[in-house]
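Architecture and fold: a report
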Amino acid sequence: MTLSARYAPACAALSEKEMESIHTARILVVGAGGIGCEVLKDLVLVGVGHVEVAVLYQIDLDTIDLSNLNRQFLFQKQHIKQPKALVAKATASAFNPDVTIVAHHANIKSSEFDVAYYGSFDVVLSALDNLDTRRWVNKMCVMARVPLVESGTAGFLGQVQPILATRFECYDCTAHPTPTTFPVCTIRSTPTAPVHCIVWAKNWLFPQLFGEDDDADEQELMQAEQNGENAEELANLRQEARQMRTLREALYASSSTRDACTRIFDKVYNTDIQRLLSMEDMWVHRTKPAPLDLERAMSTPLPDETNASTTSMTLRDRRPLSLSENAALFLSSAEALVQRAKDSPLSFDKDDDDALGFVTAAANLRAHVYHIAEQTRFETKQIAGNIIPAIATTNAIISALVVIQALHMLAARWDQLRVVSLARRATRLFTSFPPAPPQPQCGVCQDVYMRVGIDPAHTTLQDVLEGVRTYLGYDKDAFVSISAGTRILYDPDLDDNVGKRLSDLRVQIGDVLAVADEDGQLATAQWILERSPEGQPLYVAHAVTLPRRAAVPMTAESDDDEIVEVDQAHLPKKRARDDTDEPPAKRTRPAAPAPSAASEDVIVLD
């Protein structure tokens, strides 16, 4: 094989055989943002034969925003609002015509990207920025037994983690921080921090006025009620929501949008606050809010000449706004958004000038009422947009490390793989160590995955149960449950579905059925459903002996205050029969164990 001069740097580090394997490799890159762009560029320059790029269409990072251009160098100004994957493909293809790039502007969770799809690749590279999708890609790679390289950055920090099912720990083997949420009553009635005001303006007031007219607000209140929040206050919030719905209708029907916006201002900053002040018990240990009417807000003088001359040199988004400026911005941005929402409902976009202006003003006015520090447009954008500072050089370093790990995987140099953390420290820049083995209690990589053929139109749940006993070794009296996603289809207390066809239970090809030992003794079997040979209701190539599940130690106090170990597998189980047509929610598994001592230097970036 004769290689062109463009591959000379790679040839200097790799053997000819390794270079050949690279040129025939198939690699999937999930995500085309800061890391994804750099990874794609590196793969193209090193000469990988086939690369597919996929991004999610539901989140705002699926298309190119102005704020992306300072670090995502495959994009230019003329590409704004275009799909990232498609533009990344077009730009990167020009670097090396020898490489085939396929772009997917689609949902990575859709049925077309099934286990067989992941199994068609030699390596998968995750360049995502949210926990849920990272866990999804991790599980798909575990099921397909495909090597995965997980990565992330935050400012000057970064991390790369190679993952290989059965050999190294997967992404779910360690606990990861979940996004912060706040009680409804805190957001809607008793805010104490700027973030509470911004979340209120972005997640409640904005969709109430300009978003879909749905029942999401009532669902949130019902969830808060189930969580034990103040029932009286939740009833008041329901009443406020009904009043807001009436004002919304008037906002779009009124000939004077300004008058309607004025009434909304008076409701949220004056009437609602007066109502809260009447609940004296609420303010015994809190600072009372101060109601604000529009006339007083607009009459507040602007900053004096000295401050005005100082702030005139400050960028608009960095300049603090006065009370009257916030009030004026609230009205002007609300009027602009109403005109746009008449065509179709709006959702908040941090790069939408009207949307950001409205959320900034609405949050600052609320902060003024509750005596909380106000924020500039720039600070509001960071909080409302969940922006983690991104640095181009950090992305470039981490992307290079990702590709190095991928090259080791393609060459089957498993002993050369390393978890690498990038951090600014006085003594070192990088920390690296070999990947840890899988955690015995992991609820993802310690499951047993099997390909099982079915015919949804003819296979019944009874066929599945018989297959469980035949191919997994369960006896007739064993306590097992069968679930599809979050839906329990069968357990010892729920046998109504046994005679139903899988198609009637909304189970189809590509789904995964989890077969769990209710006694907690054996590992869970995950059945990846494929189409069975014609005429066979259930096809399994080989029977499997399920390994015993590792015990999860728990601590409990005895009567004499001694600490004793309790094996969770032997704890009594409580079941509740659900008599509704919809199967009950799936039981949750124990949380993933904390990181081991060997990985204490790992920076978990989500």
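Keep in mind that this is a model prediction, so the values were computed, not measured. Per chain, residue numbering runs from 1 following the sequence as it is written. A pLDDT threshold of at least 70 governs which residues receive local features in this predicted model, and a stricter bar of 80 or more applies before side-chain atom pairs are shown or counted, although totals over entire chains, interfaces and linings include all residues. Derived side-chain values reflect all non-hydrogen atoms in the structure, with water molecules and hydrogen atoms excluded from consideration.

Some points on the overall build of the protein
Per the secondary structure count, the protein includes 18 helices and 16 strands. Exposure was quantified through the Shrake-Rupley algorithm and a 1.4 Å probe, taking into account, for residues, occlusion by the shown protein chains and nothing else. When the accessible surface of the protein is totalled, it reaches about 29600 Å², and 52% of it is carbon and sulfur. By definition, any uninterrupted DSSP run of H or I lasting at least four residues is a helix, any uninterrupted run of E lasting at least two residues is a strand, and each is numbered from the N terminus.

Concerning a nonpolar patch on the surface
Patch membership is restricted to residues that have no salt bridge and whose relative accessible area is over 30%. Joining uses 9 Å for like charges and 5 Å for the nonpolar side chains Val, Leu, Ile, Met, Phe, Trp and Tyr. Whenever a carboxyl oxygen of Asp or Glu lies within 4 Å of a side-chain nitrogen of Lys or Arg, that contact is scored as a salt bridge. Together, I397, L429 and F430 make up a nonpolar patch on the protein surface, roughly 230 Å² of accessible area in all. Along the chain, the position of L429 falls in the loop between strand 7 (419–422) and strand 8 (430–433).

Brief notes about the side chain of R248
Position of R248 among the secondary structure elements: in helix 10 (residues 231–253). By relative accessible area, R248 is classed as buried at 13%. A distance of 2.8 Å separates the side chain of R248 from the backbone oxygen of G211, its partner in a polar contact. Exposure categories follow from relative accessible area, calculated using a 1.4 Å probe and restricted to protein chains: below 20% of the type maximum is buried, above 50% is exposed, and the middle band is partly exposed. Whenever a nitrogen or oxygen atom comes within 3.5 Å of another N or O atom, the pair is scored as a polar contact, on the condition that within protein one atom can donate a hydrogen and the other can accept it, and that pairs from neighbouring residues in sequence are kept only if both atoms are in side chains.

Considering the pairing of strand 11 (residues 487–490)
Each pair of strands is called paired provided DSSP finds at least two bridges between the two strands. Pairing between strand 10 (residues 480–484) and strand 11: 3 bridges, direction antiparallel. If you follow A484 over to strand 11, its bridge partner there is R487. Between the antiparallel neighbours strand 10 and strand 11 lie 2 residues, among them G485 with a positive phi of about 65°.

Some points on the environment of S324
Mapped onto the elements, S324 comes out in helix 14 (residues 323–341). Residue class for S324 comes out buried when judged on its relative accessible area of 8%. Taking the C-alpha atoms as reference points, S324 and R296, 28 residues apart in sequence, are found 8.5 Å from one another.

A word on the UniProt feature "binding site: Zn(2+)" (unreviewed entry) in the protein
Here the UniProt-annotated "binding site: Zn(2+)" (unreviewed entry) positions come out as C170, C173, C442 and C445. The named residues occupy 276 residues along the chain; their greatest pairwise C-alpha distance, 8.5 Å, places them in one compact cluster. Mapped onto the secondary structure, C170 falls in the loop between strand 6 (157–163) and helix 7 (184–188). We call two residues contacting when some pair of their heavy atoms lies within 4.5 Å. Every residue in contact with C170, bar those within four places of it in the chain, is listed here: N138, V142, Q161, I163, C442, V444 and C445. One can find C442 in the loop between strand 8 and strand 9 (448–454). When its relative accessible area of 1% is taken as the criterion, C442 is described as buried. With residues up to four places along the chain from it excluded, the contact list for C442 reads C170, D172 and C173. UniProt positions are given in the numbering used here, feature names are shortened, and annotations may be inferred rather than shown by experiment.

Considerations on the environment of S111
Note on placement: S111 falls in the loop between strand 3 (100–105) and helix 5 (115–119). Taking the C-alpha atoms as reference points, S111 and D511, 400 residues apart in sequence, are found 8.5 Å from one another.

A closer look at helix 17 (residues 392–410)
In a helix, the anticipated span is given by 1.5 Å times the number of residues less one. In this model helix 17 runs 27 Å from its N-terminal to its C-terminal C-alpha over 19 residues, within 8% of the 27 Å that 1.5 Å per residue would give. Once helix 17 finishes, A412 follows within two positions and takes phi at roughly 60°, a positive value.

So, the packing of aromatic side chains
A pair of Phe, Tyr and Trp rings is counted when the ring centres sit within 6.5 Å of each other, with Trp represented by its six-membered ring. The angle between the planes then sorts it: under 30 degrees is stacked, over 60 is edge-to-face, the rest tilted. Within the structure shown, the criterion is met by 13 aromatic pairs. Aromatic pair F206 and F348: ring centres 6.1 Å apart, planes at 85°, arrangement edge-to-face. Taken together, the residues F206 in helix 8 (residues 194–210) and F348 in the loop between helix 14 and helix 15 (353–369) connect sequence positions 142 residues apart. With a centroid separation of 5.5 Å and an interplanar angle of 85°, the aromatic rings of F265 and F330 are classed as edge-to-face. Of the two residues, F265 sits in helix 11 (residues 257–277) while F330 sits in helix 14, which places them 65 residues apart along the sequence.

Topic: the sheet that holds strand 14 (residues 538–540)
Where strands meet in a sheet, backbone hydrogen bonds hold them as pairs that are either parallel or antiparallel. Taken in spatial order, the 6 strands make up an open sheet running 11-10-12-13-9-14, and their pairing is mixed. Of all strands in the sheet, those with a lone pairing partner are strand 11 and strand 14, marking the two edges. Recorded for the sheet is a direction-independent mean angle of 35° between the axes of neighbouring strands. Simply put, an axis is a line fit to the C-alpha atoms, just over the touching stretch for a helix, and the angle between two N-to-C directions goes from 0 to 180 degrees. Lying on the sheet, helix 6 (residues 131–144) is in contact with strand 9, strand 12 (512–517) and strand 13 (525–531); it crosses strand 9 at an angle near 75°. The strands touched by helix 18 (residues 461–471) within the sheet are strand 10, strand 11, strand 12, strand 13 and strand 14, with strand 10 carrying the most contacts at an inclination of about 125°.

Let's talk about the nonpolar core
If you look at the biggest cluster of nonpolar residues, it comprises 51 residues, and the most contacted ones within it are L205, F210, Y269, F330 and F358. Sorting the residues of this core by element identifies helix 8, helix 10, helix 11, helix 12 (294–299), helix 14 and helix 15 as the ones contributing at least two each. Non-local contacts of F210, meaning those with residues more than four positions away in its chain, are made with R248, Y252, A334, L337, V338, A341, P345, L346 and F358. As used here, the term nonpolar core means buried Ala, Val, Leu, Ile, Met, Phe, Trp, Tyr and Cys residues forming a set that is joined through side-chain atoms within 4.5 Å. Counting residues in each nonpolar core, the second largest holds 47 residues, with A25, V39, V160 and L407 among its members.

Some remarks on the pattern of salt bridges
As enumerated under the stated definition, the model contains 20 salt bridges in all. Notably, a salt bridge pairs R316 with D317, separated by 3.0 Å at the nearest N-O pair. Given a relative accessible area of 47%, R316 falls into the partly exposed group. The exposure class of D317 is partly exposed, given its relative accessible area of 23%. The salt bridge involving E325 is made with R319; its shortest N-O contact spans 3.2 Å. With a relative accessible area of 21%, E325 lands in the partly exposed category.

Observations concerning the confidence of the model for the protein
On average, residues of the protein score 81 in pLDDT, and 82% of them are at 70 or above. The pLDDT value tells you how sure the predictor is about a given residue, anywhere from 0 up to 100. The secondary structure element of the protein with the lowest average pLDDT is strand 16 (residues 563–567), at 35, and the one with the highest is helix 15, at 95. Scored below 50 in pLDDT, residues 56–61 makes 17 contacts in the model with residues more than four places away or belonging to other chains.

Concerning the packing of helix 11 against helix 14
It is at 10 Å that the axes of helix 11 and helix 14 come closest, and there the two elements cross at 125°. The angle between helix 11 and helix 14 places the two elements in the oblique class. When the axes of helix 11 and helix 14 are compared, the crossing they make is right-handed. Contact residues: T257, R258, C261, T262, I264, F265 and Y269 in helix 11; A327, F330, L331, A334, E335, V338 and Q339 in helix 14. Residues of the contact of helix 11 with helix 14, tallied by class, amount to 9 nonpolar, 3 polar and 2 charged. Throughout this description, any angle smaller than 35 degrees is read as roughly parallel, any larger than 145 degrees as roughly antiparallel, any in the 65 to 115 degree range as roughly perpendicular, and the remainder as oblique. The crossing is said to be left-handed when, going from far helix to near helix, the turn is anticlockwise and less than a right angle, and right-handed when the turn is clockwise. Only Asp, Glu, Lys and Arg are considered charged, only Ala, Val, Leu, Ile, Met, Phe, Trp, Tyr, Cys and Pro nonpolar, and every remaining residue, Gly among them, polar.

Quick notes on the environment of A334
Relative to the assigned elements, A334 resides in helix 14. Accessibility expressed as a relative area gives 3% for A334, which makes it buried. In sequence terms A334 and V359 are 25 residues apart; their C-alpha atoms lie 9.6 Å from each other.

Quick word on the UniProt feature "active site" (unreviewed entry) in the protein
According to UniProt, the positions carrying the feature "active site" (unreviewed entry) are C185. Within the secondary structure layout, C185 lies in helix 7. Using a relative accessible area of 13% as the deciding quantity, one classes C185 as buried.

Here's the deal with the side chain of S399
Structurally, the position occupied by S399 is in helix 17. S399 gets classed as buried once you look at its relative accessible area, which sits at 0%. Sequence-distant contacts of S399, defined by excluding residues within four places in its chain, comprise I35, E38, V39 and D42.

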